[in-house]
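Spelled out, the chains give:
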Amino acid sequence: MEIKRIAVIGAGQMGSGIAQVAAQSGFSVSLHDVAEEQVKKGLARIEGLLEKGVAKGKWTKEEKEAVLSRIQTTADLQEAVKDADLVIEAVVENMEVKTDLFRQLDQYSPKHAILASNTSSLPITEIAAATSRPESVIGMHFMNPVPVMKLVEVIRGLATADEVNETVRNLAETMGKVPVEVNDFPGFVSNRILMPMINEAIYAVYEGVASPEDVDTVMKLGMNHPMGPLTLADFIGLDTCLYIMETLYEGFGDSKYRPCPLLRKYVKAGWLGKKSGRGFYQYDNEK
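Thresholds, definitions, all that
Residues numbered from 1 in each chain as written. Predicted model: local features only at pLDDT ≥ 70, side-chain atom pairs only at ≥ 80, totals over all residues. Heavy atoms only, no water. Salt bridge = Lys/Arg side-chain N within 4 Å of Asp/Glu carboxyl O. Buried < 20%, exposed > 50% of the residue type's maximum accessible area, 1.4 Å probe, protein only. Helix = DSSP H or I, 4+ residues; strand = E, 2+ residues; numbered from the N terminus. Pairing = 2+ DSSP bridges. Axes fitted to C-alpha atoms, helices over the stretch in contact; angles between N-to-C directions. UniProt positions renumbered as here; feature names shortened; annotations may be inferred. 1 Å grid on protein atoms, 1.4 Å probe; cavity = no way out; pocket = protein on both sides within 12 Å on 5 of 7 lines; lining within 4 Å. Contact = heavy atoms within 4.5 Å. Polar contact = N/O pair within 3.5 Å; in protein donor to acceptor, adjacent residues only side chain to side chain. Phe/Tyr/Trp six-rings, centres within 6.5 Å; stacked < 30°, edge-to-face > 60°. Core = buried A, V, L, I, M, F, W, Y, C linked by side-chain atoms within 4.5 Å.

1. Here we look at the pattern of salt bridges
And step 1. By the definition in use, this model includes 11 salt bridges.
And step 2. Measuring nitrogen to oxygen at the nearest pair gives 3.7 Å for the salt bridge that ties E93 to K98. Each member of the pair E93 and K98 is classed as buried.
And step 3. Between E246 and R264 there is a salt bridge, with the nearest N and O atoms lying 2.8 Å from each other. Taken together, the positions of E246 in helix 11 (residues 238-252) and R264 in helix 12 (residues 261-268) put the pair 18 residues apart, joining distant regions of the chain.
And step 4. You can call E246 partly exposed: its relative accessible area is 28%.
And step 5. The partly exposed category is assigned to R264, whose relative accessible area is 30%.

Right, dumping it as C-alpha cells:
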C-alpha cells in the first residue's frame, strides 16, 4: 500500500509536529482542527520551528517554503480526509471523543485509507470497533516533541491487518523515526513505565519526602535523566498525566497505578503545567 497523502486531525502540539515531520518527508499533508483559529496556531507553530531550523543552518529558506507548500489547512473534517491514504488522529486523550471521531473518519475517508491513532494509552481495539474497518485501524504513538524524538510505538488492534502494520512501520521509517511494535495493553510500553514513575515522584512531594526541585535533581544527577519527572509532567500536562494514570488504573485494576491525590488536586485547581502557566513550577508563557 502506497502512502502519498496524509491527513492529521488535531493541530495542537502533537498534531502540528506530526504534520511538520510528514511534510518534511515529502508527503502532502492536510492539517485539520475544529476551529480555524486552532489550525492557524498549528501552522504558525510549524512555521516557527522551521524558521528556527533555517536560522541554525539545518535547512535552507527554500526547503522551508517547500515544506510549508505541502501543508494544507482546513476546519472542515470531510475536506481534510477526502483524498487521504492515511489519517492520523491527534486529539484529546478521551475515549468518547476518539471513538466519535473515528466513526466520522470511517464515514468520510476513502475506503482504502488507514486510520491511525496517536493515543498514548487507550486501547486500539476499542477505537477500531467504532468503525466498519477495524482491520485498517492501528496505533501510531509519536513522542513529544515530534520533530525531535525518534520513537514511534506501533500498536496493532485485535483485527489490524498485516499489510496495514507493515505499511505504518515503513512509513515511520520514511519519516525518520524508529518504529517499535507493542501489544495493545493500557499505556503500551512508554506510558506504562513512565507514568507510574511520574506518579511516584508526585507521591514523594505529597508525602513531604522532598521538594519538586530536589526530586528532579535526584533523578537528573543520580539517574542521568535529561529532565526531572516533575518538570516532564508539567511539560506533558498534568491533566494528561492524570488521564493516563486513570486509564492504567482502570485497565489493570492494580492499586500501584492509583493516581496521587496531589495530582488530582492540581488538575482540579487548573494547575496543568506549562500550558496553563503553573504546575509543579511556575512559567512565563510569554517566553
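Back to the text.
2. Structural notes on the sheet that holds strand 3 (residues 71-74)
And step 1. Taken together, the eight strands give an open sheet; going across it, the order is 3-2-1-4-5-6-7-8, and neighbouring strands pair in mixed fashion. Each edge of the open sheet is held by one strand with a lone partner, namely strand 3 and strand 8 (178-182). Recorded for the sheet is a direction-independent mean angle of 25° between the axes of neighbouring strands.
And step 2. Pairing geometry for strand 1 (residues 5-9) and strand 2 (residues 28-32), over five bridges, is parallel. The partner of I9 across the bridge, within strand 2, is H32.

3. As for the UniProt feature "binding site: NAD(+)" (unreviewed entry) in the chain
And step 1. Taking the numbering used here, the UniProt-annotated feature "binding site: NAD(+)" (unreviewed entry) corresponds to G10, A11, G12, Q13, M14, G15, D33, E93, K98, S120, N144 and K275. The annotated residues that sit in the lining of the second largest pocket are Q13 and N144.
And step 2. Position of S120 relative to the elements: it lies in the loop between strand 5 (114-117) and helix 6 (124-128).
And step 3. A residue is classified by how much of its surface remains accessible, and S120, at 11% relative accessible area, is buried.
And step 4. Other than its neighbours up to four places away in sequence, S120 contacts E93, H141, G187, F188, N191 and I244.
And step 5. Looking at where N144 falls in the secondary structure, it is placed in the loop between strand 6 (137-142) and strand 7 (151-156).
And step 6. Polar side-chain contacts of N144 include one of 3.5 Å to the side chain of Q13.

4. What to know about the pairing of strand 4 (residues 86-89)
And step 1. Side-chain alternation along strand 4 places L86 and I88 on one buried face and V87 and E89 on a second face that is also buried.
And step 2. Note: strand 1 against strand 4, four bridges, orientation parallel. From the neighbouring strand, I6 faces strand 4, where its bridge partner is L86.
And step 3. Where strand 4 lies against strand 5, four bridges are found, and the strand directions are parallel. Note that in strand 5 the partner of I88 across the bridge is A116.

5. As for the packing of aromatic side chains
And step 1. For the coordinates displayed, the defined rule picks out four aromatic pairs.
And step 2. Arranged with centres 6.2 Å apart and planes meeting at 70°, the rings of Y203 and Y206 form a pair that is edge-to-face. Linking Y203 with Y206, this pair stays in helix 8 (residues 190-206), spanning three residues, or about one helical turn.
And step 3. You can call Y203 buried: its relative accessible area is 11%.
And step 4. Relative to F280, the ring of Y266 lies with its centre 4.9 Å away and its plane at 35°, an arrangement referred to as tilted.

6. Some remarks on the nonpolar core
And step 1. I6, L86, I88, M140, F142, L171 and M175 are the most contacted members of the largest nonpolar core, which totals 34 residues.
And step 2. With residues up to four places along the chain from it excluded, the contact list for F142 reads M14, I18, I88, N118, L151, V152, M175 and K177.
And step 3. Residues A201, I202, V215 and C260 belong to the second largest nonpolar core, which totals 25 residues.

7. Describing the environment of I124
And step 1. Here I124 lies in helix 6.
And step 2. Along the primary structure I124 and T160 are separated by 36 residues, whereas in three dimensions their C-alpha atoms are 9.3 Å apart.
And step 3. Dropping the residues within four chain positions of it, I124 is found in contact with S117, T119, V137, I138, G139, I155, G157 and D184.

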